[in-house]
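Take a look at the letters that make up each chain.
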Amino acid sequence: MEPSWRHQGRGRGRNHGQGERSQPQHMMPVRPGGAGGTTKVVVPSEGPYHNTQIELHYDTTQCISILTHLWWTGVSAHTKFEEIRKSNQATVKRLVDSQMSSSSSDDDDEDGEIDPKDAKRGKILESTFTTYTNQTGGDVTGLLKTGQYVSELFQSGALTCLICIASVKRTQAVWGCSSCFSLFHLPCIQKWAKDSAFLLCSVTDEDFGQKKHPWPCPKCRAEYPHNATPTKYTCYCGKLEDPPADPWLVPHSCGSVCQKELKPSCGHTCLLLCHPGPCPPCPKMVSVSCMCSKAKPLPRRCSSKVWSCQQPCGRLLPCQQHTCSQPCHSECPPCPRVSLQRCVCGGQEAQRPCASPKWNCQKVCGSLLSCGNHTCELVCHDGLCPPCPRSLSRSCPCGKTKWTLPCTEEVSLCGDTCDRLLTCGKHTCTMRCHRGNCDTCRQEVEKECRCGKYRKLLACHKEYVCDSKCSKSRSCQKHQCRRKCCPGNCPPCDQNCGRSLGCRNHKCPSVCHRGSCYPCPVTVDVKCTCGTTSLTVPCGRERSTKPPRCKELCRCPPSCHHLARERHRCHPGPCPPCTQPCLLPLIGCAHTCPQPCHDQVLVKSQQVQLSGPWEQPSKPAFVTKALPCPPCQVPVPVSCLGEHEVSPLPCHHRGRFSCKRPCGQPLTCGNHTCSRECHLVNSSDKCEECEEGCSKPRPHLCPHTCPLPCHPGDCPPCSQMIRQRCYCKMSVLYAECMKMTLSDEDTRKAMGSCGNQCPKELSCGHRCKQVCHPGGCEVKCHQKVKLRCPCRRIKKEMPCLLSSESVVECDDTCKQQQKKVSQLKEAEQKAAEEEEQKKCQEELEAFTKRQQRGGRRSKKRGRPEDLEDQGGSARWWRGVALVLVPLGGALLSVTAYLLLNS
């Protein structure tokens, strides 16, 4: 049989599953690949990958070039080959480590070793429950049920889909029942819901498929509505759709806080990370009083916040007569005492419990009704008796005629046709108005049988059933109905199903049905190798379920040179390879082999060379053989050639080496050290000569480098010229570098000034009065400026810095002049107004005269030329007056202004 590692492919870059396994401790090359660039390495380890051969591919040209380079540099090819072999072995370790991580072997030693897989599982459980345990102080008693569901997710084969009897893997889409918390494959539960609804439709619906029937959970039979059929793969809390498979989270979980509302509802939500199974009790601390509210509030867990102070309750019972004498409780029970109580009508008294004060004596009332002729026929009742039913408006039996009669008289028949609808629902009664029920309908009608094939004349109340048998299939779609005159709603099949269940061991005992059968209810025990421990699994899973862990010790004898095998528990299959240290003496030194035991290593046998392409390669054969001990790897302290460090080297490879660091020996210049790679310093191999320039630090502010090569002692002073701008950026100045660097701060400032006035403007708008200077200009401006009063008669001179704070005000003379000017303006305005009024008056008089003439001709007629002359002269004088009046006002105002100024 081909080993399991062959199915994973060859070469690097393959991911071989997840998980954690112990790393291999020994590797040995079997055969180099030659020009093909392939090396086969045997890796002894435990589990299904023990003694595994892995092919490694490498670049042959690169290896040859590296070996050639090392040959010229003095390193042997055998040494480099050993280094390449170790690099390949390290790669094999990584590959085998990833391959072994997918192994399902979970055996632990009894000495207390923790399985890495269990440690990882414990970390995931601890991270899931951290928020909850922080609230409870580490108490995990409330997490027992939830922890059981989470633990089963990590056990191989523990979770089984009861529909398809297959394992539920962490990468498959699942759906969980909210009642029993069982997990099913999403496609399986969708098919289950569809088949269940189809079965109910075929049994109950006449109009097939119109009604949306519920479907049950395959395990607990909890019913879900038709619209609750799952269509999406979500996490347990329902927040994330299609949650990715994270190896550090619970399978099918989103990793966020659950936040489902706790049951019973307390106002808090679940604090665990998204998890399967029920939510644990609420761990929150709340301050609550006792059930009778007499004691002081105490801090309690929200899940057990109801507590009793054990004091008498003392609350008034519903009977409103006695108090509760029981210890503190939530709801008081009915009053247990007995008292004398009257019935509802008040006719009798009896000793009865206080909890049921209302009771009937079962005696007919018998009181005279309001009509005075009849008595009340009701049993013991409270309140007034109802009115006499015969005193109300009554009708004849057919309901066509209404009568208002005394309650002592009977209603007579109306004599009309009854016409009440018969029981057939199609015809009416043809008899006269009568008392009692109508007779059966006997009218002959043509009726159709139930199956609709034949018609016949029959009495209306009879049903027509033909003799033809139904040939349709029943709900199981296997057997015919064979019922006489079947209307189409065939009954469900009553034969046994007899189909093989998913377990392939039993047959379905249910009635013949359509769709999938219910899962097999039988369970099977899977035992370990020694038969001490067993695991109960659903029927059909015993062939694929791994045996359970057994705590008994394995008693198989050792197969290596050690006297006793390592203690390990009972396990299926062969014992794991021995991992005890070899401790055999090595050749060429005084150390012993520290590697794990390699007496029994699985090695691939040599394959027969094929004659041609027509021959098929045979499956590789493996043989168990003992491998020689590897070279001694004990570290021995060895110093490098330049004695920079002492490094531990393997015992079989000890000798002086180069540490690849610079030599570091001081050169003849006294300023630098040797930069050659670590070498042995002697008369034949000296350090290099210094060929660098002078790198000593220059004086302050000197930007030039020393022109001399690397030399001992101080550098000569710098004599180069420095070109720089003055502070105002208007002139270019030249200075000797030595003078600039050796002078003090004030002298350097004086050398940077051009001696001209600063061209910058101050904030007030005037030019700076200082000589070219560094930094900002002085803020204060001392230049003289003129200030005037508001009427601009008085003016003063003062410095610019005080002008913003000073104000020149008008004196009494300015105020008198302003007063005279205002009086002149008023006089001018008054004269203009009088002139305007005069003008308006003249125009009004002229208009009045024109109106008085009205259109009559004047008796005194004159020539038109004279009239035109008179009108023209009047208009001319009026224009002259309009020009002279304002001109005279302007002349008066000018004369008044000149007099005031003089």
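Note that the structure is predicted; figures quoted are calculated from it, not measured. All residue numbers refer to position in the chain's written sequence, counted from 1. Where local features are concerned, this predicted model is filtered to residues with pLDDT of at least 70; where side-chain atom pairs are given and counted, the filter is 80 or more; whole-chain, interface and lining totals use all residues. Excluded from the side-chain calculation are hydrogens and water; included are all heavy atoms of the structure.

1. Overview of the overall build of the protein chain
So, point 1. Helices and strands together make up the secondary structure of the protein chain, namely ten helices and 27 strands.
So, point 2. A simple rule labels every residue: compare its accessible area, found with a 1.4 Å probe on the protein chains alone, to the largest value its type can have, and call it buried under 20%, exposed over 50%, or partly exposed in between. Looking at the protein chain as a whole, 29% of its 902 residues are labelled buried.
So, point 3. Across the protein chain, the fraction of contacts at a sequence separation of at least 24, relative to all contacts at a separation of at least 6, is 31%.
So, point 4. Surface accessibility in these figures is a Shrake-Rupley result with a 1.4 Å probe; residues are shielded only by whichever protein chains are displayed. Accessible area for the protein chain stands at about 59,100 Å²; split by element, carbon and sulfur atoms hold 52% of it. For the purposes of this entry, the term helix denotes a DSSP run of H or I that reaches at least four residues, the term strand denotes a run of E that reaches at least two, and both are numbered from the N terminus. Contacts are residue-level and defined by heavy atoms, with any inter-residue pair within 4.5 Å sufficient.

2. Details of a positive patch on the surface
So, point 1. A cluster of basic residues, Arg723, Arg725, Lys729 and Lys760, forms a positive patch on the protein surface.
So, point 2. Looking at the secondary structure, you find Lys760 in the loop between helix H7 (745-751) and strand E26 (784-788).
So, point 3. Judged by its relative accessible area of 34%, Lys760 is partly exposed. Residues enter patches when their relative accessible area tops 30% and they take part in no salt bridge; the joining distance is 9 Å for like charges and 5 Å for the nonpolar side chains Val, Leu, Ile, Met, Phe, Trp and Tyr. In the sections that follow, a salt bridge refers to a side-chain nitrogen of Lys or Arg positioned within 4 Å of a carboxyl oxygen of Asp or Glu. Positive charges come from Lys and Arg alone, negative charges from Asp and Glu alone, with His and the N- and C-terminal ends not counted. For the purpose of locating charges, the reference atoms are NZ of Lys, CZ of Arg, CG of Asp and CD of Glu.

3. Thoughts on the pattern of salt bridges
So, point 1. Following the criterion strictly, the structure yields twelve salt bridges and no others.
So, point 2. Lys191 is the salt-bridge partner of Asp195, the closest N and O atoms lying 3.1 Å from each other. In this pair, Asp195 and Lys191 both sit in helix H5 (residues 186-204), four residues apart, roughly one turn of the helix.
So, point 3. A residue is classified by how much of its surface remains accessible, and Asp195, at 19% relative accessible area, is buried.
So, point 4. Between Arg748 and Glu745 there is a salt bridge, with its nearest N and O atoms 2.8 Å apart. Here Arg748 pairs with Glu745, and both are found in helix H7, just three residues apart, close to one helical turn.
So, point 5. On the basis of relative accessibility, which here comes to 45%, the residue Glu745 falls in the partly exposed class.
So, point 6. Members of the salt-bridge network, linked through shared partners, are Lys400, Asp416 and Asp419.

4. Brief notes about the pairing of strand E22 (residues 635-639)
So, point 1. Paired strands are those between which DSSP finds at least two bridges. Two strands pair when backbone bridges link them, and E22 and strand E23 (residues 646-650) are joined in this way by five bridges, in the antiparallel orientation. Its bridge partner being in E23, Pro637 is matched across the sheet by Pro648.
So, point 2. The hairpin turn running from E22 into E23, its antiparallel successor, is six residues long, and Glu643 in that turn takes a positive phi close to 55°.

5. So, the packing of aromatic side chains
So, point 1. Ring pairs are drawn from Phe, Tyr and Trp, using the six-membered ring of Trp, whenever the two centres fall within 6.5 Å, and their geometry is named by plane angle: stacked under 30 degrees, edge-to-face over 60, tilted for the rest. Counted by the stated rule, this structure contains four aromatic pairs.
So, point 2. Between Trp215 and Tyr224 the ring centres are 5.0 Å apart and the planes differ by 20°, which places this aromatic pair in the stacked class.
So, point 3. Trp215 gets classed as buried once you look at its relative accessible area, which sits at 0%.
So, point 4. Through a chain of ring-to-ring contacts, three or more aromatic side chains come together here, namely Trp175, Phe184, Trp215 and Tyr224.

6. Describing the environment of Pro327
So, point 1. Secondary-structure assignment places Pro327 in the loop between strand E11 (298-301) and strand E12 (338-342).
So, point 2. When its relative accessible area of 43% is taken as the criterion, Pro327 is described as partly exposed.
So, point 3. For the pair Pro327 and Gly314, spaced 13 residues apart in the sequence, the C-alpha separation amounts to 9.0 Å.
So, point 4. Apart from the residues lying within four places of it in its own chain, the contact partners of Pro327 are Gln310, Gln311 and Pro312.

7. Let's talk about the nonpolar core
So, point 1. Residues belong to one nonpolar core when they are buried, are Ala, Val, Leu, Ile, Met, Phe, Trp, Tyr or Cys, and are joined through side-chain atoms within 4.5 Å. With 38 residues, the main nonpolar core has Ile163, Trp175, Phe184, Ile189, Trp215 and Tyr224 as its most contacted residues.
So, point 2. Elements with a minimum of two residues in this core: helix H3 (116-136), helix H4 (144-154), strand E6 (174-176), strand E7 (183-185) and H5.
So, point 3. Discounting residues that sit within four places of it in the chain, Tyr224 has contacts with Trp175, Cys177, Ser178, Ser179, Pro214, Trp215 and Cys217.
So, point 4. Residues Cys396, Cys429, Cys433 and Cys441 belong to the second largest nonpolar core, which totals eight residues.

8. Things to note about the side chain of Arg541
So, point 1. Note on placement: Arg541 falls in the loop between strand E19 (534-538) and strand E20 (601-604).
So, point 2. Lacking a salt bridge, the buried Arg541 has Glu542 as its closest oppositely charged neighbour, with an N-O distance of 8.0 Å.
So, point 3. Here the side chain of Arg541 touches Ser544 through a polar contact of 3.2 Å, side chain to side chain. The term polar contact refers here to a pair of N or O atoms within 3.5 Å; inside protein, the definition further demands a hydrogen-donor-capable atom paired with an acceptor-capable atom, and it admits residues adjacent in sequence only when both atoms are side-chain atoms.

9. Looking at the state of the cysteines
So, point 1. Any pair of cysteine sulfurs within 2.5 Å is marked as a disulfide. Taken as a whole and judged by the stated rule, the model has zero disulfides.
So, point 2. You can see Cys254 has no disulfide; the closest cysteine sulfur is in Cys235, sitting 3.7 Å from it.
So, point 3. The thiol of Cys781 is unpaired, and the distance to the nearest cysteine sulfur, on Cys764, comes to 3.7 Å.

10. A short note on the environment of Val808
So, point 1. Along the chain, the position of Val808 falls in the loop between helix H8 (800-803) and helix H9 (812-853).
So, point 2. Here the alpha-carbon distance between Val808 and Lys795, two residues 13 residues apart in the chain, equals 7.6 Å.

11. Focus: unusual backbone geometry
So, point 1. For the bond running from Lys263 to Pro264, omega is 0°, close enough to zero to count as cis.
So, point 2. Secondary-structure assignment places Pro264 in the loop between strand E9 (223-224) and strand E10 (285-288).
So, point 3. Although it is not a glycine, Arg482 adopts a positive phi angle of roughly 60°.
So, point 4. Counting through the fold element by element, Arg482 comes out in the loop between strand E17 (455-459) and strand E18 (523-527).

12. Structural notes on the confidence of the model for the protein chain
So, point 1. When pLDDT is averaged along the protein chain, the result is 77; 81% of the residues meet or exceed 70.
So, point 2. Mean pLDDT across the secondary structure elements of the protein chain bottoms out at strand E1 (residues 28-32), with 34, and peaks at E6, with 91.
So, point 3. Per residue, pLDDT captures the predictor's confidence, and it can take any value from 0 to 100. In this model residues 1-77 is a low-confidence stretch, pLDDT under 50, and it forms 169 contacts with partners more than four residues away in sequence or in other chains.
So, point 4. Below a pLDDT of 50 lies the segment residues 855-862, which in the model reaches zero contacts outside its immediate sequence neighbourhood of four places, other chains included.

13. Describing a nonpolar patch on the surface
So, point 1. Side chains of Met721, Val732 and Tyr734 sit close together on the surface and give an oily, nonpolar patch of about 320 Å² of accessible area.
So, point 2. Note on placement: Tyr734 falls in strand E25 (residues 732-736).
So, point 3. In this structure Tyr734 comes out as exposed when scored by relative accessible area, which is 55%.

14. Re the environment of Val250
So, point 1. Residue placement: Val250 occurs in the loop between E9 and E10.
So, point 2. C-alpha separation for the pair Val250 and Leu153, spaced 97 residues apart in sequence, amounts to 7.7 Å.

15. Thoughts on the side chain of Thr160
So, point 1. Mapped onto the secondary structure, Thr160 falls in strand E4 (residues 160-161).
So, point 2. When its relative accessible area of 11% is taken as the criterion, Thr160 is described as buried.
So, point 3. Excluding its chain neighbours within four sequence positions, the residues that come into contact with Thr160 are Ile165, Ala166, Val168, Leu183, Pro538 and Arg541.

16. Remarks on a negative patch on the surface
So, point 1. Negative charge collects at one region of the surface, where Glu688, Glu689, Glu691 and Glu692 lie side by side.
So, point 2. Among the secondary structure elements, Glu692 is positioned in the loop between E23 and strand E24 (721-725).
So, point 3. Look at Glu692 and you get partly exposed, because its relative accessible area is 47%.

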